[in-house]
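Okay, here's what each chain looks like letter by letter:
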2 protein chains.
Amino acid sequence: MSEKLEALKSYLEKMNNYSHVGTLLYWDMRTLMPEEGFPRHQKALTAFSTEAFRMETADELYELVKALNAPEEFGALDSDWQFIVRRMLRNIEEQRRIPADFYEAFVTEQSESERAWEEAKNANDFRIFAPHLEKMIRYTEKMAGYTNPGKDPYDVMVGTYEEGMDVASMDSVFEDLKEGLIPLVREILSRGEWEDGRFYEPVSVDAQKKMQDILLRYIGFDFKRGCTGESEHPFTLNFSCHDVRVTNHFNETNAIDPMFSAIHEGGHAIFEQNVKESLDGTVGGSCSYMGVHESQSRFFENILGRNRNFWIPVYGEVQKLFPTYANISLDDFVKEINHVRASFIRTEADEVTYCLHILLRYEMEKKIFREHVSVEELPALWNRLTEEYLGITPKDDAEGILQDMHWSDGSFGYFPSYLLGSIYDGMFLEAMEEDLGNVDEILARGDIKIITAWLNEHIHRYGSTRTPKEVIENVCHKPLSAKPLLRYFERRQAIPHL
Amino acid sequence: MSEKLEALKSYLEKMNNYSHVGTLLYWDMRTLMPEEGFPRHQKALTAFSTEAFRMETADELYELVKALNAPEEFGALDSDWQFIVRRMLRNIEEQRRIPADFYEAFVTEQSESERAWEEAKNANDFRIFAPHLEKMIRYTEKMAGYTNPGKDPYDVMVGTYEEGMDVASMDSVFEDLKEGLIPLVREILSRGEWEDGRFYEPVSVDAQKKMQDILLRYIGFDFKRGCTGESEHPFTLNFSCHDVRVTNHFNETNAIDPMFSAIHEGGHAIFEQNVKESLDGTVGGSCSYMGVHESQSRFFENILGRNRNFWIPVYGEVQKLFPTYANISLDDFVKEINHVRASFIRTEADEVTYCLHILLRYEMEKKIFREHVSVEELPALWNRLTEEYLGITPKDDAEGILQDMHWSDGSFGYFPSYLLGSIYDGMFLEAMEEDLGNVDEILARGDIKIITAWLNEHIHRYGSTRTPKEVIENVCHKPLSAKPLLRYFERRQAIPHL
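Reading the values: the criteria
Residues numbered from 1 in each chain as written. Chains lettered and ligands numbered in written order. Predicted model: local features only at pLDDT ≥ 70, side-chain atom pairs only at ≥ 80, totals over all residues. Heavy atoms only, no water. Helix = DSSP H or I, 4+ residues; strand = E, 2+ residues; numbered from the N terminus. Rg over C-alpha atoms; globule rule 2.2 N^0.38 Å. Buried < 20%, exposed > 50% of the residue type's maximum accessible area, 1.4 Å probe, protein only. Contact = heavy atoms within 4.5 Å. Areas by Shrake-Rupley, 256 points an atom, 1.4 Å probe, with all protein chains shown as cover. Lys, Arg positive; Asp, Glu negative; His and termini not counted. Charge placed at Lys NZ, Arg CZ, Asp CG, Glu CD. Phe/Tyr/Trp six-rings, centres within 6.5 Å; stacked < 30°, edge-to-face > 60°. Lys NZ or Arg CZ within 6 Å of the ring centre and 35° of its normal. Polar contact = N/O pair within 3.5 Å; in protein donor to acceptor, adjacent residues only side chain to side chain. Least-squares fit on C-alpha atoms with pLDDT ≥ 70 in both. pLDDT = per-residue confidence, 0-100. Axes fitted to C-alpha atoms, helices over the stretch in contact; angles between N-to-C directions. Parallel < 35°, antiparallel > 145°, perpendicular 65-115°, else oblique. Left-handed = near helix turned anticlockwise from the far one by under 90°. Nonpolar A, V, L, I, M, F, W, Y, C, P; charged D, E, K, R; others polar. 1 Å grid on protein atoms, 1.4 Å probe; cavity = no way out; pocket = protein on both sides within 12 Å on 5 of 7 lines; lining within 4 Å. Points joined across faces, edges and corners; volume = space filled by probe spheres on them. Buried area = accessible area lost by both parts, 1.4 Å probe. Salt bridge = Lys/Arg side-chain N within 4 Å of Asp/Glu carboxyl O. Core = buried A, V, L, I, M, F, W, Y, C linked by side-chain atoms within 4.5 Å.

Asks: Please set out the overall build of chain A residue by residue, giving values where relevant.
Replies: Within chain A, the secondary structure is distributed over 21 helices and 3 strands. Since a compact globule built from 498 residues should have a radius of gyration of about 23 Å, the 23 Å found for chain A is in line with a globular shape. Each of the 498 residues in chain A was classed as buried or not, and the buried ones make up 56%. Long-range contacts, defined as pairs at least 24 residues apart, comprise 74% of the intrachain contacts of chain A with a sequence gap of at least 6. Roughly 20,700 Å² of accessible area belongs to chain A as shown, and the carbon and sulfur atoms make up 49% of that amount. For chain A, the distance from the average position of its 54 positive side-chain charges to the average position of its 86 negative side-chain charges is 2 Å.

Asks: Describe the packing of aromatic side chains, listing the residues and the values that go with them.
Replies: All chains considered together, the criterion is met by 67 aromatic pairs over all chains. For the ring pair Phe260(A) and Trp311(A), a centre distance of 5.9 Å and an interplane angle of 50° mean the geometry is tilted. Separated by 51 residues along the polypeptide, Phe260(A) in helix 11 (residues 256-273) and Trp311(A) in the loop between helix 12 (290-304) and helix 13 (315-321) bring together distant segments of the chain. With relative accessibility at 0%, the residue Trp311(A) sits in the buried group. Feature note: the residues Tyr154(A), Tyr161(A), Phe174(A), Tyr354(A), Tyr362(A), Phe369(A), Trp382(A), Trp407(A), Phe412(A), Tyr414(A), Phe415(A) and Tyr418(A) constitute an aromatic cluster, connected by ring pairs. The ring of Trp194(A) carries Lys335(A) above its face, with NZ or CZ at 4.4 Å from the centroid. The ring of Phe415(B) has Arg361(B) sitting right over it, with the charged end atom 5.4 Å from the ring centre.

Asks: Would you mind going over the side chain of Thr465(B) in detail, with residue names and values included?
Replies: All names here are of chain B. When you line up the elements, Thr465 lands in the loop between helix 19 (448-458) and helix 20 (468-476). Here Tyr462 takes part through its backbone oxygen, which lies 2.6 Å from a polar atom of the side chain of Thr465. Non-local contacts of Thr465, meaning those with residues more than four positions away in its chain, are made with Asp80, Phe83, Leu279, Gly284 and Glu470.

Asks: Go over the relation of the copies chain B and chain A with me, naming the residues and quoting the values.
Replies: Overlaying chain B with chain A gives an RMSD of 0.0 Å, the required rotation being 180° about an axis along which the chain moves by 0.0 Å. The transformation just described matches what one would write down for a two-fold rotation axis.

Asks: Explain the confidence of the model for chain A to me, and be specific about the residues and the numbers.
Replies: On average, residues of chain A score 96 in pLDDT, and 99% of them are at 70 or above. With a pTM of 0.94, the predicted complex shows an ipTM of 0.92.

Asks: Tell me about the packing of helix 17 (residues 415-436) of chain A against helix 19 (residues 448-458) of chain A, and name the residues and values.
Replies: Residue and element names in this part refer to chain A. Closest axis-to-axis distance for the helix 17/helix 19 pair is 11 Å, and the angle between their directions is 110°. Classified by the angle their axes make, helix 17 and helix 19 are roughly perpendicular. Like other packed secondary-structure pairs, helix 17 and helix 19 cross with a definite hand, here right-handed. Contacts from Phe428, Ala431, Met432, Asp435 and Leu436 in helix 17 reach Ile450, Ile451, Trp454, Leu455 and His458 in helix 19. Residues that form the contact of helix 17 with helix 19 fall into these classes: 8 nonpolar, 1 polar and 1 charged.

Asks: So what's going on with empty space enclosed by the protein? Residues and values would help.
Replies: Residues and elements named next belong to chain A. Applying the stated criterion across every chain yields a total of 8 cavities of 30 Å³ or more. Taken as a whole, the largest cavity encloses approximately 70 Å³ of empty space. Taken together, Arg298, Asn302, Ile303, Glu351, Cys355, Ser422, Asp425, Leu485, Tyr488 and Phe489 make up the lining of the largest cavity. Looking at the lining of the largest cavity, the elements with two or more residues in it are helix 12, helix 15 (351-370), helix 17 and helix 21 (483-493). Residue composition of the lining of the largest cavity, by class: 5 nonpolar, 2 polar and 3 charged.

Asks: Tell me about the side chain of His406(A), residues and numbers included.
Replies: All names here are of chain A. Among the secondary structure elements, His406 is positioned in the loop between helix 16 (378-390) and helix 17. With relative accessibility at 13%, the residue His406 sits in the buried group. For His406, the side chain forms a polar contact with the side chain of Tyr418, separated by 2.9 Å. Look past the residues within four positions of His406 in its chain and what remains in contact with it is Arg346, Ser411, Tyr414, Phe415 and Tyr418.

Asks: I'd love a proper account of the interface of chain B and chain A, names of residues and values included.
Replies: Chain B puts 33 residues into the contact, and the matching count from chain A is 33 residues. At the boundary of chain B with chain A, total buried surface from both sides reaches about 2,900 Å², with 57% on carbon and sulfur atoms. Between the two partners, chain B and chain A, sit 6 salt bridges. In this structure, Glu13(A) engages Lys43(B) in a salt bridge whose closest nitrogen and oxygen atoms are separated by 2.8 Å. Here chain B is connected to chain A by 14 residue pairs in polar contact (both at pLDDT 80 or more). Residue assignment for the side of chain B that touches chain A shows that the elements contributing at least two residues are helix 1 (3-31), helix 2 (38-57), strand 1 (226-230) and strand 3 (243-248) of chain B. Ranked by residues supplied to the side of chain B that touches chain A, first place goes to helix 1 of chain B with 10 residues. Considered class by class, the residues forming the side of chain B that touches chain A number 14 nonpolar, 8 polar and 11 charged.

Asks: Go over the nonpolar core, please, and point to the residues and values.
Replies: Residues Trp311(A), Tyr325(A), Trp311(B) and Tyr325(B) are the most contacted members of the largest nonpolar core, which totals 316 residues. Residues contacting Trp311(B), with those up to four places away along its chain left out, are Leu215(B), Met259(B), Phe260(B), Ile263(B), Gly305(B), Val318(B), Leu330(B), Phe333(B) and Ile337(B).

Asks: Give me the environment of Arg245(B): which residues, what numbers.
Replies: Tracing the backbone through its elements, the reader meets Arg245(B) in strand 3. Taking the relative accessible area as the measure of exposure, Arg245(B) reaches 0% and is therefore buried. Sequence separation between Arg245(B) and Asp425(B) is 180 residues, and the spatial gap between their C-alpha atoms is 23 Å. Beyond its immediate stretch of four places on either side in the chain, Arg245(B) contacts Asp28(A), Leu32(A), Met33(A), Pro34(A), His41(A), Leu24(B), Trp27(B), Cys227(B), Phe235(B), Thr236(B), Leu237(B) and Phe239(B).

Asks: Explain the pattern of salt bridges to me, and be specific about the residues and the numbers.
Replies: By the definition in use, this model includes 78 salt bridges over all chains. Residue Arg308(B) pairs with Asp331(B) through a salt bridge whose shortest N-O separation is 2.6 Å. You can see Arg308(B) sitting in the loop between helix 12 (290-304) and helix 13 (315-321) and its partner Asp331(B) sitting in helix 14 (residues 330-337), a full 23 residues away along the chain. Using a relative accessible area of 28% as the deciding quantity, one classes Arg308(B) as partly exposed. Here Asp404(B) ties to Arg361(B) by a salt bridge, and the two come within 2.6 Å at their closest N and O atoms. Within this pair, whereas Asp404(B) is found in the loop between helix 16 (378-390) and helix 17 (415-436), its partner Arg361(B) is found in helix 15 (residues 351-370), the two being separated by 43 residues in sequence. Under the relative-accessibility criterion, Asp404(B) is labelled buried at 11%. Each of Arg87(A), Arg90(A), Glu94(A) and Glu163(A) takes part in a single network of salt bridges with overlapping partners.

Structure (structure tokens):
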């Protein structure tokens, strides 16, 4: 191994100690830390994140990476390390272009804006949030100008969350989707509304936790490389492929959501547990593309988890653990978990209308950054689009523009990656069925592990070393298209008893 | 505030970030971390403990503390900071007298010895552990020679765990105890042996966890300043008075031990939660005297927790949560939790015979360090003393000398502090009753909070700033004596139905 590469590895080793404890502090703060533990945790987190950031952008590292990028050194690296060096070089250069005082002001405004959003949401008053949203729009635009001078800011934002993606590429795919989706949703909704109260009878949290573990094991989560926790909102967090954690949020009167959160976060976690070990602790390990990541959580949650046959091997366990489900047939359960309805809150939406919630946000972001629509006009625009896409009107901003926190910390461009994940899933499903045969049949046979193994082999092991475009090319051998997702929705919603 | 003091405070602030994440890594490793997460956690722990140790003994800190110890600076400090400066100075000087290469060899041998002990215990073969025990004896003796040159090594070891304590002081107290205890135990055991299988019917872990939380709240554990976890062996860990955590270990077929572990660890935790805030992050905050600390866990576990009246306000909850207890009367429950029997394993012993287990270990340690008895002779000596004190003979070394891990990492001198804790408790009980009146009556009234408040006020708030001797003087106004503990045992065991 070259001396330079060795030096880089030992630098990363040291740097990773800081990010490791940063991750652990974050984990603990979200899952366990008692209320009054906050200030001390926060101090340590600030100290160690600052040190990690300093090390990530330090001259010493920059010189090392530039040296490894020089032809003679670069040529001697294997392809993974070539990726790592190139990606680090780009990241460092982007980071170093951000003026320190601007970065500091940005971070300060971020936390003020997050707080204002929370206050506005609780008070159901957009005016509290408006001036902060205005600032975050300007700051984020400015940030994009620093990291990627000369490029369109919104393209930069989108590309931050989904490498290589831009408005032009998304527009054509999303337009296709919208065209097919709006009539499909209209047709499904015309079948009439219903509600089945049996699913809201109380189920003990203890039983729900047992079911969570059964589901995680069933889909392939490895408990030697992971564990579970509880938090306000479910999330997945990884230290390395050897330690990946998922959380859940339980509620006695809704046992369905935690099962699907477990399958969803389990999908994220299975991805991280199966990135090849040699990439651990580098920019190649762990997947940093939100769309690709989301495709895996949604593949497990929706494509597999809402399939009737997914439940054949485990529904008996549900009935054993949840006494109130003892007399609910598998068919009724499957009907409930595939229930499509027009609703206001994105995070509570079914998989079909969910896409419309994202299209709405994408439209909004384009209006903000491309057409410079003013902040004052945004709530009304939100409501108008909700009517257009879902046929319902939010009664207030809490049910409308104030529902998501993403914009409060400047995560513009993040929303579309959720939808890209679903679109990828449609394509992955068709590619998988070409390789493995009909997924319904595989699930009915109880062979879900061959599906997980296929995803491990074709997607997970590469971590970040394949960009989203390369993943699609290598797995699907076709250009990106929303058609497979639409075909999947039609197939799923055509099940006779629905 | 003096410039020097300000400099010390900001140094401690930085240093505490390292110990903070060290504590968190330890917590996570013992409670949650998945198996394969170990190497990465271990690396970070090593890096940050090394850095914390470096900072604790650095020249910069040493100079600062020496400057604050000079008359003009020292005189301007309040009494807490005077304690902190003096104690830090002593600690730093002790630490700095340890040669770096010796320290490294000690730490290495420590972990090898711990491993050998585990292997020996599993194989039930003392010979595997013997050479390591031999080394740990020599190393620990040598360590004492470095930190406290010219003092008797075993006195140094004892003083490490219980400040100001030495063999001479303990001998007189322990001799009194032994004299009263051996006939008392003989008398109790002569009442005849019995067993009540109803207590070993399965109880769900979920119900046990609920009962744990009820008990913790009942004795005064503050969930805004603490939380719970699960681990192989129960322990308490504190970041500061604002974040103190207890663990438990559950077992479906034994619901009693986890309740008493909760009360025991809860006692440790209530101590730490109530150290005055201004001492946080200094050597004065958190109690570093094992005997005093143990006195608090045992006060809650034994003096209060084995009192019939402690259970009056909460036994109904036990019966509600543990269906198998529905028909067990409070009197039968109290009989079970006060059951005295001769047994081999210290950690499973009742509160009365527990003292004999410690006296045995104390005798052994004196033989090792004062009479230089050889390692080969120890197992037989252990068995002979077990016969003498408890009237039973271990069938093998797993049941005898191999049962505890303390000696494997060189924690000689630690055992006596457990017994000191109980002896202090006898004295605290009498002092408390002089102040507050009969404890039985207070508990019967459901007024346990005034007992907790009394302990907070007289003991907990001072953290480490009062040495064990000062605690006894200030709380009891009497010299240390085992008589009150004996009186307590007689009172407890004289309850008619036992």
